[in-house]
Amino acid sequence: MNAGASGEMVPVESSRQRKRAGAESVKRVEETDRDFTNLPEQVIHRILSLLCPNEAARLCVLSKRWNSMWNSLPVLDFDECYFKKSGKTWEKNMLSVVDRSLQGRFQQNLTIEKFRLSVGSPRFFQVRRNLVATAIDLKVKNLELIVKPVRPRNVFKVPSTLLSASSIIVLDLFGCKVDTSDSDCVNLPKLRKLALKMVTICEKMLQKLITGCPSIQNLKIIKCSELKGIVISTAPLLKFIHVYKCPDLKSISVKALTLRSFYFNATWWKHYDLKMPECRLLKGLVLEYPSMSDQMFEQLIVQFPNLEKLSLLNCINIQNINIPCEKLTNLIIVKCSHLVEAVIHSPRLFSLQYKGSGMPISLLNLTRLEEVKIFVQSFPRGSVGCPDQVRSDEKKLKGLLQNLDRSKGLKMISRHDAGLILQEDIVVNQHILDSISGLQLQISHSVGHLIDNFLQDARGVKLLQVVSTVGSDFPEVVTQKIEREMQDPRCCSSCFQNKKCWRHYLKRVIPCPMGQADSWSCEEDLEKESGIPLHEKTWLVLRWEEVQNEEKGAEEVEKTNFATV
């Protein structure tokens, strides 16, 4: 026993006790290592597949079992950006690692699920000519080749062995050249997904390639050069097509009875000959086609009687259109700046999203409409030369809100000059009609969904006005909903402060009742005649936590890193 600072006797730890404690700590470390090394094979493969090659190699040094798992890993991902950190000899190191990885699996007679290779020059394939052939011999199922930067005079030509690989299910090519002229035939019997990104390919080569893929279901053609036409007529299982800004493209002809979704993003102010006569089972259509006229749209849309989802994005040339789709359930119209009127004959329409100038949408049947998002970017109210258009758009918006089925319990939240307003039921008020410019409006069954969307976009707003019927507990429900979300903000995985959602910043909600609002509706007499009850307002004061200045730069750092990658 020793005397402590206060004069009390403190027991001294004996050497035997210290040895016992040391042995127990070593035992705990050994047990931890044993648990770490005894993980199931699938778990170890999953962990290694999520790491870059350098990190995975360092981790496998710690255990013989993990090292053997690395040598049998079915997913190989090699990107030159991982190896450039090793200094001037990075290219030699990368060649050595890729060779050893492929040859080791070849000697063990193993197969690989995925092989991804991203390099900055075709010279890498010139040094290792049999690289792709070795991956094919290993019966690779998912093959992704990325060659950048793309130079017209120095393009990696896809070897003919790749075009007859019987094991490939997913093929993703970037910056390559596909030329089937020196190949007798293309035979990819199991291929289901084909992505051509910035690939040099002509019309005949593409048609020959698709013909040699009888099982293809998903086709992406993104910024491909020398491609003047797309003709698809021999794809019995094709379900999805995505065509994005091919600079030389002039025409598209698709005859696929099984096609379900078509996404077309056109080059700015360029006209196309778009024909899809036999795609009557198409259910999803996305058109980002700036030069499309009213006539072109209406000739195209009548070909799809089973269409369920339609998106018109940046179609700035359309002005007056009709959408006669009886089975349409989801409609999105965004940034169609010259659109004056869109008449929609869709009795099954469930969801409507609009973003643009004014309010050009006229719905002839609103019986099933339950989800609405409207964002009016700019509306020159009172401007000289457009008073008729102002009154017309106000009438369309008012008619849309008044004709919704109020028996469904729909809620509405809006943001405009009067602030942020959440309504228990849909009642047209003068604040909305007077503040159409910059109006944001959303209608839904879910109060939580409405609050989540608007507080994220309007983070920092200090007042939320809740409008409810007299005596309703709706303000308390809203307050409790916000407080519950604040208490457990596990929604965000980002480590950057500015990337987190509103739940991490809102600290307190204070309700302040304001009493009845007899003049809330813009049509008091109509309300009294129809039996709509009077409403009252409750202000919710929102107290936010301010973001520190040094944390604001984190988002810019993340954006810079993402752009670099």
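These numbers were taken from a predicted model, which means no experiment stands behind them. Within every chain, residues take consecutive numbers counted from 1 along the sequence as written. Local features in this predicted model are restricted to residues whose pLDDT is 70 or higher, and side-chain atom pairs enter the listing and the counts only when it is 80 or higher, whereas totals over whole chains, interfaces and linings include all residues. Here the side-chain values reflect all heavy atoms present in the structure, with hydrogen atoms and water set aside.

*Asks:* How do you make sense of the overall build of the protein chain when you look at a structure like this?
*Replies:* Helix and strand definitions follow DSSP, with helices as H or I runs of at least four residues and strands as E runs of at least two, each counted in order from the N terminus. On a plain count of helices and strands, the protein chain comes out with 16 helices and 29 strands. Note on contacts: a residue pair qualifies if any of its non-hydrogen atoms lie within 4.5 Å across the two residues. Restricting the contact set of the protein chain to residue pairs at least 6 apart, pairs at least 24 apart contribute 51%. Note on areas: Shrake-Rupley with a 1.4 Å probe; residue coverage comes only from the protein chains shown. Summed over its atoms, the accessible surface of the protein chain is roughly 29700 Å², and 50% of this surface lies on carbon and sulfur atoms.

*Asks:* Would you mind going over the nonpolar core with me for this structure?
*Replies:* Here is a general trend for soluble globular proteins: nonpolar side chains tend to be buried in one another's company. Counting residues in hydrophobic clusters, the biggest one holds 116 residues, and the most contacted among them are Phe262 and Phe264. Per-element accounting of this core gives the leading share, six residues, to helix H6 (residues 90-107). If we ignore the near neighbours within four places in the chain, the residues touching Phe262 are Ile241, Val243, Ile252, Leu274, Met276, Leu282, Gly284, Leu285 and Val286. Within the second largest apolar cluster, 22 residues are counted, among which are Val447, Leu450, Cys501 and Tyr505. Side-chain atoms within 4.5 Å are what join buried Ala, Val, Leu, Ile, Met, Phe, Trp, Tyr and Cys residues into a set we call a nonpolar core. Each residue is assigned to one of three classes by its accessible area relative to the maximum for its type, calculated with a 1.4 Å probe on protein chains only: buried under 20%, partly exposed between the two thresholds, exposed over 50%.

*Asks:* Looking at this structure, I do not really get the sheet that holds strand S18 (residues 320-323). What am I missing?
*Replies:* By definition, the strands of a sheet pair up through backbone hydrogen bonds, in either a parallel or an antiparallel sense. Reading across from one edge, S18-S20-S22 is the order of the three strands in this open sheet, with parallel pairing throughout. Two strands bound the open sheet, and with one partner strand each, they are S18 and strand S22 (361-363). On average, each strand axis in the sheet is tilted by 15° relative to the strand beside it, whichever way the strands run. In this sheet, strand S20 (residues 341-344) lies alongside S18 in parallel orientation, the contact comprising four bridges. Along S20, the bridge assignment pairs Ile323 with Ile344. Here a strand pair is declared whenever DSSP counts at least two bridges between the two strands. Helix axes are fitted only over the stretch in contact, all axes being lines through C-alpha atoms; the angle between N-to-C directions runs from 0 to 180 degrees.

*Asks:* I'm lost on the side chain of Asn218 in this one. Help?
*Replies:* With respect to the secondary-structure elements, Asn218 resides in strand S10 (residues 218-222). With near-sequence residues (within four places) excluded, Asn218 lies in contact with Arg192, Lys193, Leu194, Leu238 and Phe240.

*Asks:* Teacher, can you tell me more about the packing of aromatic side chains here?
*Replies:* Geometry of an aromatic ring pair is reported as the spacing of the ring centres plus the angle between the planes. Between rings of Phe, Tyr and Trp, where Trp is taken as its six-membered ring, a pair exists when centres lie within 6.5 Å; planes separated by under 30 degrees are stacked, by over 60 edge-to-face, and by other angles tilted. For the coordinates displayed, the defined rule picks out six aromatic pairs. A centroid spacing of 6.3 Å and a plane angle of 20° characterise the contact between Phe262 and Phe264, whose relative ring orientation is stacked. A relative accessible area of 1% places Phe262 in the buried class. In this structure Phe264 comes out as buried when scored by relative accessible area, which is 1%. Judged by centre distance (5.6 Å) and plane angle (85°), the rings of Phe264 and Tyr289 are edge-to-face.

*Asks:* How do you make sense of the sheet that holds strand S15 (residues 273-275) when you look at a structure like this?
*Replies:* The strand order across the open sheet built from three strands is S11-S13-S15, with neighbouring strands paired in parallel fashion. Edge strands, defined here as strands with exactly one partner in the open sheet, are strand S11 (229-232) and S15. Sheet twist, expressed as the average angle between the axes of neighbouring strands with direction ignored, equals 5°.

*Asks:* How should I be thinking about H6 in this particular structure?
*Replies:* For the α-helix, the turn length of 3.6 residues means that residues three or four positions removed from each other point alike. The end-to-end C-alpha separation of H6 is 26 Å, in line with the 26 Å expected for 18 residues at 1.5 Å each. All of the buried residues along H6 are Trp90, Met94, Leu95, Val97, Val98, Ser101, Leu102 and Arg105. In an axial view of H6, the angular spread of the buried residues amounts to 165°, which keeps them on one side of the axis. Every exposed residue of H6 that faces more than 90 degrees away from the buried side is listed here: Lys92, Arg100 and Gln107. Multiplying 1.5 Å by the residue count of a helix minus one yields the expected span of that helix. By construction, the arc corresponds to the directions joining the helix axis to the C-beta atoms.

*Asks:* Can you help me understand the pairing of strand S27 (residues 463-469) in this one?
*Replies:* For a regular strand, the rule is simple: side chains alternate between the two faces of the sheet. Burial of S27 is extensive: six of the seven residues sit out of reach of the surface. The pairing of strand S25 (residues 419-423) with S27 spans four bridges and is classified as parallel. Looking across to S27, one finds that Ile421 is bridged to Gln465. Sheet topology note: the S27/strand S29 (residues 535-544) ladder contains seven bridges and is antiparallel.

*Asks:* Would you mind showing me how to read the confidence of the model for the protein chain here?
*Replies:* Atom-level detail of predicted coordinates should not be read off regions where pLDDT is low. Per-residue confidence for the protein chain averages 79 on the pLDDT scale, and 75% of its residues sit at or above 70. A low-confidence stretch, residues 516-532 (pLDDT under 50), is modelled with 36 contacts involving residues beyond four sequence positions or located in other chains. The predictor attaches a confidence to each residue, called pLDDT, with possible values from 0 through 100.

*Asks:* Would you mind going over the pattern of salt bridges with me for this structure?
*Replies:* Once the charged atoms of two side chains with opposite charge are near each other, the side chains can pair. By definition here, a salt bridge exists when the distance from a side-chain nitrogen of Lys or Arg to a carboxyl oxygen of Asp or Glu is within 4 Å. This structure, assessed with the given rule, holds twelve salt bridges. Between Lys141 and Glu113 there is a salt bridge, with the nearest N and O atoms lying 3.7 Å from each other. Residue Lys141 is located in the loop between helix H8 (131-137) and strand S5 (142-147), and its partner Glu113 is located in the loop between H6 and strand S4 (114-119); the two are separated by 28 residues in the primary sequence. Classification of Lys141 by relative accessible area gives partly exposed; the value is 36%. Assessed through its relative accessible area of 38%, Glu113 is described here as partly exposed.

*Asks:* What is the right way to read a positive patch on the surface from this model?
*Replies:* Patches draw on residues past 30% relative accessible area with no salt bridge. Two like charges within 9 Å are joined, as are two nonpolar side chains (Val, Leu, Ile, Met, Phe, Trp, Tyr) within 5 Å. Think of it this way: Lys and Arg go in the positive column, Asp and Glu in the negative one, and His and the chain ends go nowhere. Charge positions come from single atoms, namely NZ of Lys, CZ of Arg, CG of Asp or CD of Glu. There is a patch of like positive charges on the surface, built from Lys239, Arg260, Lys283, Lys327, Arg348 and Arg368. For Lys327, a relative accessible area of 32% corresponds to the partly exposed category.

*Asks:* Just to check I follow, could you spell out the pairing of strand S16 (residues 284-288) for this structure?
*Replies:* Summarising burial for S16: five of the five residues are buried, a large majority. Burial along S16 is two-sided: Gly284, Val286 and Glu288 facing one way and Leu285 and Leu287 facing the other are all buried.

*Asks:* I would appreciate a short explanation of unusual backbone geometry in the present structure.
*Replies:* If you check the backbone angles, Lys223 has positive phi at about 50° while not being a glycine. When you line up the elements, Lys223 lands in the loop between S10 and S11. Backbone geometry at Lys335 places phi at a positive 55°, although glycine is not the residue there. Relative to the helices and strands, Lys335 is located in the loop between strand S19 (330-334) and S20.

*Asks:* Which parts of the structure should I look at to understand the environment of Asp457?
*Replies:* Mapped onto the fold, Asp457 is located in helix H13 (residues 447-457). Distance from Asp457 to Cys501, taken between C-alpha atoms, is 9.4 Å for residues 44 residues apart in sequence.

*Asks:* Can you walk me through helix H10 (residues 294-301) in this structure?
*Replies:* All of the buried residues in H10 are Asp294, Phe297, Leu300 and Ile301. Buried residues in H10, looked at end-on, bunch into an arc of 135°, giving them a common side. Of the surrounding elements, those touching the buried residues of H10 are S15, S16, strand S17 (309-313) and S18.

*Asks:* It is not clear to me how the packing of H13 against helix H14 (residues 474-487) should be interpreted in this structure. Could you clarify?
*Replies:* Two numbers describe a pair of packed helices, the interaxial angle and the distance between the axes. In the contact formed by H13 and H14, the axes pass within 11 Å of each other and the chain directions differ by 60°. Comparing the axis directions of H13 and H14 gives the class oblique. Where H13 crosses over H14, the handedness of that crossing is right-handed. Residue-level inspection shows Val447, Gly448 and Ile451 of H13 in contact with H14, the latter providing Phe474, Val478, Lys481 and Ile482. Roughly parallel means an angle under 35 degrees; roughly antiparallel means over 145; roughly perpendicular covers 65 to 115; every other angle is labelled oblique. What makes a crossing left-handed is the near helix being turned counterclockwise from the far one by less than a right angle; a clockwise turn instead makes it right-handed.

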